[in-house]
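# Examination of the molecular architecture
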Amino acid sequence: KQLVPRLPPGKALQLSGTRPACRVDRVRVGLAGWGAWLAGGGGGSSRAPECSDNTRGTMAVKQQKSKEAKAKAAMAGGGKNKKKKWAKGKVREKAFNMVLFDKPAYEKLLADVPKMKLITVATVVERLKVNGSLARAAMAELTEQGLIKCVVSHRKGLIYTRASHA
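Below is a summary of the structure that appears in this document. All values derive from a computational prediction rather than experimental measurement. (Residues numbered from 1 in each chain as written. Predicted model: local features only at pLDDT ≥ 70, side-chain atom pairs only at ≥ 80, totals over all residues. Heavy atoms only, no water.)

### As for the nonpolar core
Defined as follows: Throughout, nonpolar core names a set of buried Ala, Val, Leu, Ile, Met, Phe, Trp, Tyr and Cys residues whose side chains join them through atoms within 4.5 Å. To sort residues, take the accessible area from a 1.4 Å probe on protein chains only and compare it with the maximum for the residue type: under 20% means buried, over 50% means exposed, and anything in between is partly exposed. Helix and strand labels come from DSSP, where a helix needs a run of H or I of at least four residues and a strand needs a run of E of at least two; each type is numbered from the N terminus. The criterion used for residue contact is that any of the two residues' heavy atoms lie within 4.5 Å.
Formed by 16 residues in total, the largest nonpolar core has its most connected members in V113, I119, V124 and M139. For this core, the elements supplying multiple residues, two or more each, are α4 (121–128) and α5 (132–145). Looking at this core, the element that brings in the most residues is α5, giving 5 residues. If near-sequence neighbours (up to four positions away) are discounted, V124 is found in contact with V113, I119, K129, V130, A135 and M139.

Put into structure tokens, the structure is as follows:
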């Protein structure tokens, strides 16, 4: 078996014909062709694999622009549009709810909540601006005092109503 010489970086691999191999062809040959050729003992032939010639024609070599030309093109702007960005989702403002009752909030709890027809954690949080765990504890305390009564006791949520329908 013959070992294939390594190319210095930036050098194109000249395979067959007059057209220099492109980077994609070089990678394709390097991955598929050379590996199979070396592993299989040459694959029955003594020649190295060649690039597949499935291009539509020979491509013209693109001229490099100077820094001034690139800057001028960037300032002109036209031509290519900028890549579309992902839309930012709607951002809700953070609710700073109380974690402990103060005197006015506790008095409001005792005055307002027993008069409500539907009492849930969400309605207490909305009305009194307290967090959910404090609302659940407050509703349990009002139940013990007999001011509200439980209608539905489910693990997903508790539903209460006022104790006296007057």
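Still more ground to cover, so stick around.
### A short note on the environment of A105
Tracing the backbone shows A105 in helix α3 (residues 103–112). The sequence separation of A105 and V130 amounts to 25 residues, and the corresponding C-alpha distance is 8.9 Å. Apart from the residues lying within four places of it in its own chain, the contact partners of A105 are M98 and L128.

### Section: the packing of α3 against α5
As a reminder of what qualifies: Here, axes are lines fitted to C-alpha atoms. For helices the fit covers the stretch in contact, and angles between N-to-C directions go from 0 to 180 degrees. Angle categories: roughly parallel below 35 degrees, roughly antiparallel above 145, roughly perpendicular from 65 to 115, and oblique for all the rest. For any pair of crossing helices, the crossing counts as left-handed if the nearer helix is rotated counterclockwise from the farther one by less than a right angle, and right-handed if it is rotated clockwise.
Between α3 and α5, whose axes approach to 11 Å, the crossing angle comes to 50°. Judged by the inter-axis angle, α3 sits oblique to α5. Judged by the sense of rotation from one axis to the other, the crossing of α3 with α5 is right-handed. Together, Y106, L109 and L110 of α3 and A138, E141, L142 and Q145 of α5 make up the contact between the two elements.

In short, the description is geometric, and any link to function would need to be established separately.
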